[in-house]
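Structural overview for review
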Amino acid sequence: MRTLLGICLGWLLLAAVPARANHSVVLTDATPRVDLSHHVVYYHDVVAGDSLQAAAHKLANNGFAPLPDDSAAFGFQKGAYWFQVSLLNRSQREQRWLLVQQYALSDHLDVYATYPDGTTRHWKGGDTLPFDQGRSIRYRHPNALIDLPRDQPVDVYVRVQSQSSMQVPLTLYTQSAFTEMSRDAQLGMGVYYGILLALFFYNMVLWLTLRDSSYFWYLLHISAFGLVLFTLNGLGFEYLWPGSPWLADKSVPLSICLAQIGMQQFTRTFLGLNERWQLGDRISLGIIAFYVLLGVAATQLPYSISTPIASASVFISISWVAMLGLVVVRRGYKPAIIFLLAWAMFLLGTGAFAAVAFGLLPKIFITEYGKEIGSALEMLLLSIGLGYRYSALRSENERIIRESRDQLEQKVSVRTSELSNALGQLADAHARLRESSQRDGLTGLHNRAYFREGFEGLLSQARNGRRLSLLMIDLDHFKQINDRYGHLVGDECLRWAAGVIGQTLRPHNALLARFGGEEFVVALPGTDLESAAGVAEELRTRLRAEPFRCQGQTIAVTASFGVHAVDTHIRGGVEAALQVADDALYRAKADGRDCVRTSDVLAA
């Protein structure tokens, strides 16, 4: 009887405690969604021993404090955290609101709603319970559907105790607003995992075709990192192991270890560390061994030990991968540059995720979803930029070797035929190599060496009475484009300008080449100085009229032109003609750029 009387008195005292010194959060029809980070107060129950009555008593005695910088991310902490907010519903349409903790990995979650009449409702949740228990709505994040009678203040207390990172961003939704939010979130995740799945099968085909071990390790990394995100977003608990709190507890450190093993092993094979930096290769093997041991130990260690170690080691692992790329780039392995560009997005996203877990960065959109954005870009870049080029080159080499071997085996008795075949293949390879050496790798135009050879032929024709003119073209202020928008946009601008110039010159039977940097050179057979100046003016007008567009940016591009009608009676050949055209080009630059100047004007 005494015990019952004590409990009743405790609840009466709780109902009599004022909610907060400040005002309640007023809910109206105009606020279907409320981020409670600006309104809740909290305190840290270090020993995790306080009851609801004790928490209410601390609130009444100013024991709660506002969230630091409105951030509910505290890193890995012992004990329990209590959060409190007062709600006043003045909505004409809604009486039931959904409270969502937008973090999926908390172990124990208790939500209490205390009403003016002294009654209290209690919801229990967290991933120590099966997924179907403790959630008002089947959703990847813990949630509670709270009745909020109109014009009646309701105190809501949230108690969280977890071995994982203490992240408690609380948001209140009407049911219709939650439906819209969850639909958009599921669509975004569906797109992300669709990209991941497509890249998985694409790289699996390459691996099965080429039997290159780097693709196997890349597949492992894609799968493991996808599992990491599936787990961190709560989808693993929702769809893969909803009835196993043990797997929900162990999946985070295990998937992190597996993803890091795949990343380190892929880095070793792609960069060829065994040949290019043996010390770095041994260190990478040591990191892989560490993650293997940590993964095995994580099945037995408490979550509060294994997960902080795994999360903290991510900083070291991704920093080491970046260092490997830089070292190998400095040793002259050019594909490592593409490797660094591709991994930069992933490293930033993963680093942001780990920083949020330790409370070093606030949990905002870019830090919460940076790992998805960064990993999607990284995997797409590596798959398309490296996988396609590498597999195409390897496939072509294997085809040539296979055909050569088959031909040699079939005609081994005829040495003359074998030699003829070999010479024919060598000639084909030489022709392909010659064609490749005559092209500019960025724009696809002919290079300077090819232009000189072609110009010599045109110059010979000009000595027989045919006219020949020369254009030198320089894109104006191109360095400013590189400095302002970056070199990748600058490269794309060069390709665009080359396309515009080539398309405009197509009717003129011109010889076009990239001379160097942002300069182009054009030979116009059968064209006198006046006609050549007209062609240059047409090019200038075309470039000015069609601005370059890239990544949502519109960039005006102009060019300066130097025009020269080649005099075949003057000695000096190609070099002399180029020098005169170049002098006319510099005259155009000196006259304010975006103009055409001829060698006649220069002579005047």
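Fair warning: this is a prediction, and the values are worked out from it, not measured in the lab.

1. Comments concerning the overall build of the chain
The number of helices and strands found in the chain is 19 helices and 20 strands. Counting the 604 residues in the chain, one finds 47% classified as buried. If you take every contact in the chain between residues at least 6 apart in sequence, the share linking residues at least 24 apart comes to 74%. Accessible surface for the chain amounts to roughly 29,700 Å². Of this, 58% is attributable to carbon and sulfur atoms.

2. A few points about the sheet that holds strand 14 (residues 468-475)
Pairing between the strands of a sheet comes from backbone hydrogen bonds, and it takes one of two forms, parallel or antiparallel. One open sheet holds the five strands; their spatial order is 15-16-14-19-20, and the pairing between them is mixed. The open sheet has two edge strands with one neighbour each: strand 15 (511-516) and strand 20 (596-598). Shown here is a sheet whose adjacent strand axes are inclined to one another by a mean of 20°, direction ignored. As paired strands, strand 14 and strand 16 (residues 519-525) are joined by seven bridges and run antiparallel to one another. Of the residues in strand 16, the one forming a bridge with Met472 is Val521. Against the sheet, helix 14 (residues 448-463) engages strand 14, strand 15 and strand 16, with an angle of about 135° to strand 15. Contacting strand 14, strand 15, strand 16, strand 19 (559-565) and strand 20, helix 18 (residues 573-590) runs over the sheet at an angle of about 140° to strand 19.

3. A look at the environment of Leu105
The residue Leu105 is located in the loop between strand 7 (96-101) and strand 8 (108-114) in this model. Leu105 sits in the buried class, given a relative accessible area of 4%. Taking the C-alpha atoms as reference points, Leu105 and Pro142, 37 residues apart in sequence, are found 9.0 Å from one another. Excluding residues that lie within four positions of it along the chain, Leu105 makes contacts with Asp127, Ser162, Ser164, Thr231, Leu232, Val252 and Tyr303.

4. Concerning a nonpolar patch on the surface
On the surface, Leu187, Val191 and Ile195 cluster together into a nonpolar patch covering about 270 Å² of accessible area. With respect to the helices, strands and loops of the structure, Leu187 is situated in helix 3 (residues 175-210).

5. Remarks on the nonpolar core
In this structure, Tyr192, Tyr193, Phe225, Leu271, Phe339 and Met379 are the most contacted members of the largest nonpolar core, which totals 47 residues. Counting residues per element, the ones that place at least two in this core are helix 3, helix 4 (213-232), helix 6 (245-271), helix 8 (278-298), helix 9 (303-330), helix 10 (335-357) and helix 12 (370-410).

6. What to know about the side chain of Ser91
Topologically, Ser91 is positioned in the loop between strand 6 (80-89) and strand 7. One polar contact links Ser91 to Asp29, side chain to side chain, over a distance of 2.3 Å. Excluding residues that lie within four positions of it along the chain, Ser91 makes contacts with Leu27, Thr28, Asp29, Trp97 and Arg150.

7. Some thoughts on the environment of Asp155
With respect to the helices and strands, Asp155 occurs in strand 11 (residues 153-161). Taking the relative accessible area as the measure of exposure, Asp155 reaches 9% and is therefore buried. Sequence separation between Asp155 and Ser24 is 131 residues; the distance between their C-alpha atoms is 8.8 Å. Engagement of the side chain of Asp155 in a polar contact is seen with the side chain of Gln84, the distance being 3.4 Å.

8. Some remarks on helix 2 (residues 52-60)
Among the residues of helix 2, Leu52, Ala55, Ala56 and Leu59 are the ones counted as buried. Relative to the axis of helix 2, the buried residues are bounded by an arc of 100° and lie together on one face.

9. A few points about the packing of aromatic side chains
To describe a pair of aromatic rings, one takes the distance between the centres and the angle between the planes. Taken as a whole, this structure holds 16 aromatic pairs when the rule is applied. Considering the side-chain rings of Tyr42 and Phe74, the 5.1 Å spacing of their centres and the 40° angle between planes classify their relative orientation as tilted. Here Phe74 lies in strand 5 (residues 73-76) and Tyr42 lies in strand 3 (residues 41-45), a separation of 32 residues in the sequence. Residue class for Phe74 comes out buried when judged on its relative accessible area of 13%. Taken together through their ring pairs, the aromatic side chains of Tyr42, Phe74, Tyr81 and Phe83 make up a single cluster. Here the guanidinium or amino end of Arg448 rests over the ring plane of Phe515, the centre of that ring lying 3.9 Å away. The ring of Tyr586 has Lys589 lying over it, and the distance from NZ or CZ to the ring centre is 4.8 Å.

10. What to know about the packing of helix 8 against helix 9
The geometry of a pair of packed helices is captured by two quantities: the angle between their axes and the separation between those axes. Contact geometry for helix 8 and helix 9: axes closest at 12 Å, N-to-C directions at 165°. On the basis of the axis angle, helix 8 is roughly antiparallel to helix 9. As helix 8 packs across helix 9, the resulting crossing turns out to be left-handed. Contacts between helix 8 and helix 9 involve Gly280, Ile283, Ser284, Ile287, Phe290, Tyr291, Leu294 and Ala298 on the former and, on the latter, Ser306, Ile309, Ala310, Ser313, Val314, Ser317, Trp320 and Leu324. Tallied by class, residues from the contact of helix 8 with helix 9 come to 11 nonpolar, five polar and no charged.

11. Description of the packing of helix 15 (residues 478-485) against helix 16 (residues 487-505)
One way to put it is that helix 15 packs onto helix 16 with a least axis distance of 7 Å and a crossing angle of 140°. When the interaxial angle is binned, helix 15 and helix 16 end up oblique. Counted together, Phe478, Ile481, Asn482 and Tyr485 of helix 15 and His487, Val489, Gly490, Cys493 and Leu494 of helix 16 form the full contact between these two elements.

12. Focus: the side chain of Arg514
Position of Arg514 among the secondary structure elements: in strand 15. Here the side chain of Arg514 touches Asp440 through a polar contact of 3.2 Å, side chain to side chain. Residues within four places of Arg514 in sequence aside, it is in contact with Asp440, Leu442, Thr443, Leu445, His446, Asn447, Arg448, Leu494, Glu519 and Phe520.

13. A few points about the pairing of strand 10 (residues 143-147)
Regular strands place their side chains on alternate faces of the sheet. Within strand 10, four of the five residues are buried, which leaves it mostly tucked inside the rest of the structure. Strand direction decides the pairing type here: strand 7 and strand 10, joined by five bridges, are antiparallel. Residue pairing for strand 10: Val100 is matched across the bridge by Asn143.

14. Quick look at the pairing of strand 14
By the criterion of burial, strand 14 is predominantly enclosed, with eight of the eight residues buried. Across the two faces of strand 14 the burial is the same, with Leu468, Leu470, Met472 and Asp474 and Ser469, Leu471, Ile473 and Leu475 all buried. Bridge count for strand 14 against strand 19 is seven bridges, and the pairing is antiparallel. By the bridge assignment for strand 19, Ile473 is matched with Phe561.

15. Points about the sheet that holds strand 10
What the four strands build is an open sheet, ordered 2-13-7-10; its pairing is antiparallel. Here the strands that pair on one side only, and so sit at the sheet edges, are strand 2 (33-35) and strand 10. Taking the axes of each pair of neighbouring strands and ignoring which way they run, one obtains an average angle of 20° across the sheet. Alignment of strand 2 against strand 13 (residues 170-174), held across three bridges, turns out to be antiparallel. In the strand pairing of strand 13, Val34 is matched with Leu172. Along the sheet, helix 3 contacts strand 7, strand 10 and strand 13; its crossing angle with strand 13, the most-contacted strand, is approximately 115°.

What counts, and at which threshold
Residues numbered from 1 in each chain as written. Predicted model: local features only at pLDDT ≥ 70, side-chain atom pairs only at ≥ 80, totals over all residues. Heavy atoms only, no water. Helix = DSSP H or I, 4+ residues; strand = E, 2+ residues; numbered from the N terminus. Buried < 20%, exposed > 50% of the residue type's maximum accessible area, 1.4 Å probe, protein only. Contact = heavy atoms within 4.5 Å. Areas by Shrake-Rupley, 256 points an atom, 1.4 Å probe, with all protein chains shown as cover. Pairing = 2+ DSSP bridges. Axes fitted to C-alpha atoms, helices over the stretch in contact; angles between N-to-C directions. Patch = residues over 30% accessible without salt bridge, like charges linked within 9 Å, V, L, I, M, F, W, Y side chains within 5 Å. Salt bridge = Lys/Arg side-chain N within 4 Å of Asp/Glu carboxyl O. Core = buried A, V, L, I, M, F, W, Y, C linked by side-chain atoms within 4.5 Å. Polar contact = N/O pair within 3.5 Å; in protein donor to acceptor, adjacent residues only side chain to side chain. Arc of directions from axis to C-beta. Phe/Tyr/Trp six-rings, centres within 6.5 Å; stacked < 30°, edge-to-face > 60°. Lys NZ or Arg CZ within 6 Å of the ring centre and 35° of its normal. Parallel < 35°, antiparallel > 145°, perpendicular 65-115°, else oblique. Left-handed = near helix turned anticlockwise from the far one by under 90°. Nonpolar A, V, L, I, M, F, W, Y, C, P; charged D, E, K, R; others polar.

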